[in-house]
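Examining the three-dimensional arrangement
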Amino acid sequence: MSGYSPLFDPEKDGPVYFRDLAHARERARAALAEKGRANLHDRDELIRAGYGLAYVLAGLLDALDAEEGRS
């Protein structure tokens, strides 16, 4: 597919840093509350929602890995 760009590419975008696991959870909950209200009939809104959720999910996983000593 021409012009393909992934929502989030860890190789290119790098790790997402949140202060700690509690902050990562807070950001994930806030993003879910905000992005969950996206209009299903608005393509641009859905793209922004998908990217925002992918970003905070990556940050949450990075924070979990750091908490478990895997980073």
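Residues numbered from 1 in each chain as written. Predicted model: local features only at pLDDT ≥ 70, side-chain atom pairs only at ≥ 80, totals over all residues. Heavy atoms only, no water.

1. What to know about helix α2 (residues 21–35)
Its 15 residues place the ends of α2 21 Å apart at the C-alpha level, agreeing with the 21 Å of an ideal helix rising 1.5 Å per residue. Here α2 has its buried residues at L21, H23, A24, A28 and A31. Looking straight down α2, one finds its buried side chains confined to an arc of 155°; they lie on one side. Opposite the packed face of α2, turned more than 90 degrees from it, sit the exposed residues A22, E26 and R29. On the buried face of α2, the contacting elements are α3 (43–67). Sitting at the amino-terminal end of α2 is D20, which places a side-chain oxygen 3.3 Å from the backbone nitrogen of A22. (Helix = DSSP H or I, 4+ residues; strand = E, 2+ residues; numbered from the N terminus. Expected span 1.5 Å × (residues − 1). Buried < 20%, exposed > 50% of the residue type's maximum accessible area, 1.4 Å probe, protein only. Arc of directions from axis to C-beta. Contact = heavy atoms within 4.5 Å. Polar contact = N/O pair within 3.5 Å; in protein donor to acceptor, adjacent residues only side chain to side chain.)

2. Examining a nonpolar patch on the surface
Nonpolar side chains collect at one region of the surface, where L7, Y51 and Y55 lie side by side and expose about 270 Å² of accessible area between them. Of the residues examined, Y51 reaches a relative accessible area of 37% and is grouped as partly exposed. (Patch = residues over 30% accessible without salt bridge, like charges linked within 9 Å, V, L, I, M, F, W, Y side chains within 5 Å. Areas by Shrake-Rupley, 256 points an atom, 1.4 Å probe, with all protein chains shown as cover. Salt bridge = Lys/Arg side-chain N within 4 Å of Asp/Glu carboxyl O.)

3. Describing the pattern of salt bridges
This model, assessed by the stated rule, comprises three salt bridges. One salt bridge connects E34 with K35, and the closest N-O pair in it is separated by 3.3 Å. Notably, a salt bridge pairs R70 with D65, separated by 4.0 Å at the nearest N-O pair. Residue class for R70 comes out exposed when judged on its relative accessible area of 59%. By sharing partners, the salt bridges in this structure join D65, E68 and R70 into a single network.

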